[in-house]
Structures are given as structure tokens and as C-alpha cells.
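# Structural characterization, general
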Amino acid sequence: MRAWLIGSTTLQPATCAPLEKTETAGRRMPLLGASAALACLLGLPAIARADFVPPPGVTDYRLIFVTADGIDATSANIADYNSFATSEAALNPNLPSTTWTAVASTDQVSAVSNVACTPDCSNIPIFLVDGSEVTTSSTALFNTATVSLLEGISEDQYGNSTGGYVWTGSFSDGTANIQTFDQEIFDSTMGNGGAVEVGFSGPTDGAAIDIGTGWFVGDPTDGLTQEPIYAISGVISTPEPGTVSLLAFGGLMAGLARRFRRRHKPATGG
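Every value quoted in this text rests on a predicted model; they were computed, and no experiment measured them. (Residues numbered from 1 in each chain as written. Predicted model: local features only at pLDDT ≥ 70, side-chain atom pairs only at ≥ 80, totals over all residues. Heavy atoms only, no water.)

## A word on the overall build of the chain
Within the chain, the secondary structure is distributed over five helices and twelve strands. When the 270 residues of the chain are sorted by exposure, 45% land in the buried category. Taking the contacts inside the chain whose residues are at least 6 apart along the sequence as the reference set, 68% of them involve residues at least 24 apart. (Helix = DSSP H or I, 4+ residues; strand = E, 2+ residues; numbered from the N terminus. Buried < 20%, exposed > 50% of the residue type's maximum accessible area, 1.4 Å probe, protein only. Contact = heavy atoms within 4.5 Å.)

Structure below.
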């Protein structure tokens with residue numbers, strides 16, 4: 001569900017209340033809250049929180065990070081990994097409030113489809129949390145066999161450098177890692193009950209998502225060990241100057257209107 005974000009105030013479309021109903025028990029709603037309510041009424045796009053600094057010159061973007069904590073890869077339900085990605089992002093309150101999904105594949109859902117957006121966001125650039133550009137789009141993210149990433153995915157949600165295995169269950173093109181050899185099916189997706197495909201955080205080629213199971217002694221291929229995953233955000237938008245001015249003006253006018261109503265409220269006898 002889309003949310004409109006003004007500063008650190010979040011409003012969901014289903015809970016947007018008319019401006020005239022935001023005053024209760026004689027308490028005045030702060031101007032910031034009135035501005036957020038106006039944004040709700042106008043249907044403005046999601047914008048980043050005021051305390052998060054977006055990459056310079058970019059208005060729409062996505063973030064990606066390696067989770068600081070690990071999870072096993074025994075579940076075949078992609079929702080479990082999306083939930084883990086969301087909980088990891090919540091550990092850093094300075095990140096924009098948005099949806100978070102796992103760059104991972106089960107036998108039912110591929111990484112490509114799991115990170116997709118409605119409307120389409122496949123051409124939105126992707127950055128690390130420190131503002132370094134990883135790639136120009138999710139399309140390019142899954143095309144590393146042809147064109148390398150601009151920056152390796154080597155930071156966690158706090159911006160700390162990290163490296164090591166990452167559960168993906170995917171081929172480097174983001175499809176579910178299921179292949180057939182001599183008429184035998186080999187399933188390396190998340191929660192398949194056997195070997196699970198891993199990537200490696202840091203490389204700029206296909207190894208970032210698909211390093212190959214069983215390549216090295218000690219590979220966490222059985223899915224039982226706690227390894228991180230890649231978490232990617234939904235589309236984040238920075239507010240345009242005109243939008244900020246509109247919200248500030250709307251909040252001011254709402255406050256003045258309430259003050260006018262209080263001053264001209266008819267007196268009631270006891």
C-alpha cells in the first residue's frame with residue numbers, strides 16, 4: 001500500500017481523514033500534521049523522510065543493502081524473506097519509510113518478479129545507503145553477465161562495509177535457480193530442501209547473485225546456516241521545491257481556518 005511521507009509523518013490512504021476532523025478535544029493539530037493531511041487529500045507521491053539525504057540530482061531511486069543479520073534458507077515462502085528484509089531495514093530509522101523486498105527466488109517466485117513494482121520501476125536507478133550508485137536499473141542488476149555493476153553490493157543497512165555469502169536461490173539473471181541435467185531436475189531455490197544458491201556481496205559481476213553451489217569447501221549450500229540476503233526498497237521520491245511549498249502553505253491555511261472558526265464560534269448558554 002502506498003504511503004505519503006512528510007518529514008517523519010506517515011499517512012496511509014485508508015486512514016486519511018478530512019482536515020475538519022483532525023481537531024479533537026480542543027487540541028490543535030500541528031502544522032506538519034495538517035500538511036501531511038493535505039498531501040493525503042491531493043494524492044501526492046511518496047517522498048523520502050526529511051532526515052534522509054538522497055543521492056544528488058536524483059528524484060526517483062531505490063536502495064539496496066546486505067542485511068546485517070542472517071536467516072536460514074529453509075522456507076519456500078518468499079513472504080518470509082520479504083518480512084526479514086523489512087525488519088532489517090527498520091533497524092536503521094534513518095532509512096526512508098517504504099516497502100522492502102528480498103532479492104531472492106523460491107520455486108514459485110523469482111527474484112525478478114519479487115522486486116518488481118506496479119507501476120513498472122525497472123528503469124529506476126539503485127543505490128547503496130551511502131548514496132553510491134550500484135546500477136542504473138533492476139534490469140541492469142540482473143544483467144551482470146553482460147554489463148558489470150557500477151558498484152558492488154557491499155554495505156549493510158547502516159552503510160557499513162560487508163562481504164561474504166548471501167542467500168539468493170537465483171541465477172545471475174534473477175530467475176529461479178532450477179535446471180535440468182540428464183533429465184534430472186536440480187532445484188537450488190530458497191527452501192527447496194536441498195542445496196540453495198548463494199551470491200557473494202562485493203563483486204560487480206554475476207557472482208554477486210550466483211556464485212554457484214558447491215564451488216568452495218564450506219559453502220553454505222544446505223540452507224541451514226544463518227546468512228544475509230539482499231534487501232531492496234520500493235521507489236523513493238524526493239520532494240520537489242514546489243511540493244514542499246504547497247504543503248507548508250496548506251498547513252498554514254488549515255491552521256488559520258481553525259483559529260477563525262474558534263474565534264467566531266457562537267457562545268452557548270449554561
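Once you've had a look at it, read on.
## Section: the side chain of T67
Summarising the element assignment, T67 is placed in the loop between strand 3 (60-66) and helix 2 (78-89). Only 2.8 Å separates the side chain of T67 from the backbone oxygen of D69, close enough to count as a polar contact. T67 has contacts with F84, E88, Q157, P228, I229 and A231, leaving out every residue within four places of it along the chain. (Polar contact = N/O pair within 3.5 Å; in protein donor to acceptor, adjacent residues only side chain to side chain.)

## Focus on helix 2
Here helix 2 is twelve residues long and its end C-alpha atoms lie 17 Å apart, about the 16 Å a rise of 1.5 Å per residue gives. Along helix 2, the positions that sit buried rather than exposed are I78, Y81, N82, F84, A85, E88 and A89. What you see down the axis of helix 2 is that its buried residues fit within an arc of 160°, all on one side. Next to the buried residues of helix 2 lie strand 3, strand 4 (100-102), helix 3 (111-114) and strand 11 (230-233). The backbone nitrogen of A79 has a side-chain oxygen 3.1 Å away, supplied by the residue at the start of helix 2, namely N77. (Expected span 1.5 Å × (residues − 1). Arc of directions from axis to C-beta.)

## Some remarks on the state of the cysteines
Per the counting criterion, the structure on display carries one disulfide. Covalently, C117 is tied to C121 through a disulfide, its sulfur atoms 2.0 Å apart. Between C117 and C121 the disulfide shows an S-S torsion of about 70°. By sign, it is right-handed. A relative accessible area of 3% places C121 in the buried class. (Disulfide = S-S within 2.5 Å.)

## Some details on the nonpolar core
The biggest cluster of nonpolar side chains holds 26 residues, and the ones touching the most others in it are Y81, W100, M190 and I229. Counting residues per element, the ones that place at least two in this core are strand 3, helix 2, strand 4 and strand 7 (164-167). Of all the elements, helix 2 adds the most residues to this core, at five residues. Setting aside residues no more than four positions away along its own chain, I229 makes contact with F65, V66, T67, I71, Y81, F84, A85, A102, V166, W167 and M190. (Core = buried A, V, L, I, M, F, W, Y, C linked by side-chain atoms within 4.5 Å.)

Note that all results are geometric; they support no functional claim without further evidence.
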